[in-house]
Amino acid sequence: MSGSPPPTGGFVRRVGPFQATAINMSQMCGIGPFVTIPLMVSAFGGPQAVVGFLAGAVLALCDGLVWAELGAAMPGSGGSYVYRRQAFRHRTGRLMPFLFVWTAMLFIPLIMSTGVVGFVQYLGYLAPGLGRTAGDLVGLGVIALVVLLLWRGVEHIARITAVLWTVMIASVLLVIAAAATAFSPHLAFTYPAHALDVTSDHFWPGFAAGLTIGIYDYLGYNTTAYMGAEIKDPGRTLPRSIVFSILGIMAIYLLLQIGTLGVIDWHRMTDPNDIASTSVASAVLERTWGRGAADTVTVLILVTAFASVFTGLLGGSRVPFDAARDRVFFRPYERLHARHRFPALGLVTMGVITAIGFLIGRHTDLATLIQLLTTVMVIVQALAQIVALVVLRGRRHTLRHPYWMWLYPLPAVLAFTGWCVIYGYADENAPGRHPVEWSLAWLALGCVAFLVWARLERAWPFGPKETADERTQGRPVLEAG
């Protein structure tokens, strides 16, 4: 029925396996590695920074298996919101799903804002005279354009995403190929003395900072889980899109990281006055194939950055929709666009927050923005979801499980430990910024917002707890084709 008008009751399942994997990979890669390689080198103090990308891959894969099992069992729009609603409603009513949506409305746009910051950084390579004010205006214009392009049906968006994914792959492969033509093992594998000494005082703070940057680079492996109601055959497609995208991006990142370190002296990446600290991929191309090639690939990187913001807001805008329809978030977010059937208010809200986060990142620094967004998401997003998996496994008779996590519970334990390391070292790795305190303040504010909302809705604790075992992801959807 792909040629029929959209149904009036819900989303349409039109996103297939290739498109789902492309959506994840576009969001995961994006501008991330092109701007974080210098940050990772600074965190580790040398080319041993590759350890950070490996650690991030392990954490992403372990956490991705959590998403894979939950997403396959409960393929509703909103992703993690659905899982928390199902897991915690018996004890805390709607508190946990409300807090997740509250938190996601902040950290998802903050992730997108880092992509826009990176876009402006690389644009500075093509336009060295770009001032701060002009850069701010360009970034805000990019965000407005993304929202405008998303103002349409998902079947058109899937086609756009496939094109952007192709550009993303091309830009990454060109940088890897350029690095291979002038690769120096001496530069890539000569580590400072005691670089990997795990007993030293500076190793673990540096490792935690690197792990934070690493997992940031892999964020997006769960984008299709937020679009569960729009995925064809979600019991098979969702787990595969998550696992395949993580493994594919891991291979790309390792080649990109090692290749870059084999061309550019890592000391240049720590110098704020060197172009390698802000546009390291452009520096690689200029060093190997010349300025013309560097300009061309920089344009492709700009398209890649745009693609990451595009796919991120595509998935993130679906988060508050299902929550509002299930009376777990503010009711205006339940409305779909009358013609194109997408959550208009969620898209606009996240677009505005992305713009605010972009301006914060522009007037502080990218490392601080990454530290803040990862810390905000740890308690309610990462740790609570792992607990939700354990709780729901105890109720397996009430849920359909087309996919089971490999080697359970080992991946869940490793993921929980990794997120705790990130949170525990957050303040130390962002001195003066207090990311832990800000995350707790946002959580407390969310609790206050929940009490106000619960009072208006007469929900727990101002009403009875939920006891029914209804499926929260049961919104009517229509299989395309």
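Predicted, not measured: the structure shown is a model, and the values here were computed from it.

Criteria and cut-off values
Residues numbered from 1 in each chain as written. Predicted model: local features only at pLDDT ≥ 70, side-chain atom pairs only at ≥ 80, totals over all residues. Heavy atoms only, no water. Helix = DSSP H or I, 4+ residues; strand = E, 2+ residues; numbered from the N terminus. Buried < 20%, exposed > 50% of the residue type's maximum accessible area, 1.4 Å probe, protein only. Contact = heavy atoms within 4.5 Å. Areas by Shrake-Rupley, 256 points an atom, 1.4 Å probe, with all protein chains shown as cover. Axes fitted to C-alpha atoms, helices over the stretch in contact; angles between N-to-C directions. Parallel < 35°, antiparallel > 145°, perpendicular 65-115°, else oblique. Left-handed = near helix turned anticlockwise from the far one by under 90°. Polar contact = N/O pair within 3.5 Å; in protein donor to acceptor, adjacent residues only side chain to side chain. Phe/Tyr/Trp six-rings, centres within 6.5 Å; stacked < 30°, edge-to-face > 60°. Lys NZ or Arg CZ within 6 Å of the ring centre and 35° of its normal. Salt bridge = Lys/Arg side-chain N within 4 Å of Asp/Glu carboxyl O. pLDDT = per-residue confidence, 0-100. Patch = residues over 30% accessible without salt bridge, like charges linked within 9 Å, V, L, I, M, F, W, Y side chains within 5 Å.

Trainee: In this structure, what is going on with the overall build of the chain? I would like to understand it.
Mentor: Along the chain, the regular secondary structure elements total 19 helices and 2 strands. Within the span of the chain, comprising 481 residues, buried residues form 59% of the whole. Put simply, of all contacts in the chain between residues at least 6 apart along the chain, 84% involve residues at least 24 apart. Split by element, the accessible area of the chain, about 17900 Å² in all, is 66% carbon and sulfur.

Trainee: So what exactly am I meant to see when it comes to the packing of helix α16 (residues 366–393) against helix α17 (residues 410–424) here?
Mentor: Axis angle and axis distance: for two packed helices, these are the angle between their axes and the distance between the axes, and together they describe the pair. Their axes nearest at 9 Å, the elements α16 and α17 cross at an angle of 150°. Overall, the two elements α16 and α17 adopt an arrangement that is roughly antiparallel. For the crossing formed where α16 meets α17, the hand is left-handed. Residue-level inspection shows Gln371, Thr374, Thr375, Met377, Val378, Ile379, Ala382, Leu383, Ile386 and Val387 of α16 in contact with α17, the latter providing Ala412, Ala415, Phe416, Trp419, Cys420, Ile422 and Tyr423.

Trainee: Explain the environment of threonine 349 to me, please; I cannot follow it from the model alone.
Mentor: Take threonine 349: it is sitting in helix α15 (residues 344–363). For threonine 349, the residues in contact, after removing those within four places along its chain, are Met105 and Tyr333. Within the structure, the side chain of threonine 349 is placed 2.8 Å from the backbone oxygen of leucine 345, a separation counted as a polar contact.

Trainee: Would you explain the packing of aromatic side chains in this entry?
Mentor: Evaluation of the coordinates by the stated rule reveals 15 aromatic pairs. Look at phenylalanine 98 and tryptophan 453: their rings are 5.7 Å apart centre to centre, the planes differ by 35°, and that puts the pair in the tilted class. Within this pair, whereas phenylalanine 98 is found in helix α5 (residues 95–126), its partner tryptophan 453 is found in helix α19 (residues 435–457), the two being separated by 355 residues in sequence. Pairing phenylalanine 329 with tyrosine 333 gives two aromatic rings, centres 5.5 Å apart and planes at 50°, and the pair type is tilted. Put simply, the rings of Phe98, Phe329, Tyr333, Phe450 and Trp453 touch in pairs and so form one group of aromatic residues. The ring of tyrosine 125 carries arginine 291 above its face, with NZ or CZ at 4.2 Å from the centroid.

Trainee: For this particular structure, what's the right way to read the pattern of salt bridges?
Mentor: Any two side chains of opposite charge can pair if their charged atoms end up close together. Going through the model one piece at a time under the given rule, you end up with 8 salt bridges. Its salt-bridge partner being aspartate 274, residue arginine 268 comes within 2.9 Å of it at the nearest N-O pair. For arginine 268, a relative accessible area of 30% puts it in the partly exposed group. For aspartate 274, a relative accessible area of 17% translates into the label buried.

Trainee: For this particular structure, what's the right way to read the confidence of the model for the chain?
Mentor: For residues with low pLDDT, the predicted coordinates do not support detailed interpretation. Summing up the model confidence of the chain, the mean pLDDT is 83 and the portion of residues at 70 or higher is 89%. Mean pLDDT across the elements of the chain ranges from a minimum in strand β2 (residues 478–479), with 40, to a maximum in α17, with 95. Across residues 1–8 the pLDDT falls below 50, and counting only partners more than four positions away or on other chains, this stretch makes 13 contacts in the model. Predicted confidence is poor over residues 469–481, with pLDDT under 50, and the contacts of this stretch with residues over four places away or in other chains come to 47 contacts.

Trainee: Please clarify how a nonpolar patch on the surface should be interpreted in this entry.
Mentor: Among the surface-exposed residues, Trp151, Val348, Val352, Ile356 and Ile360 lie close enough to one another that they form a single nonpolar patch of about 410 Å² accessible area. Looking at the secondary structure, you find valine 348 in helix α15.

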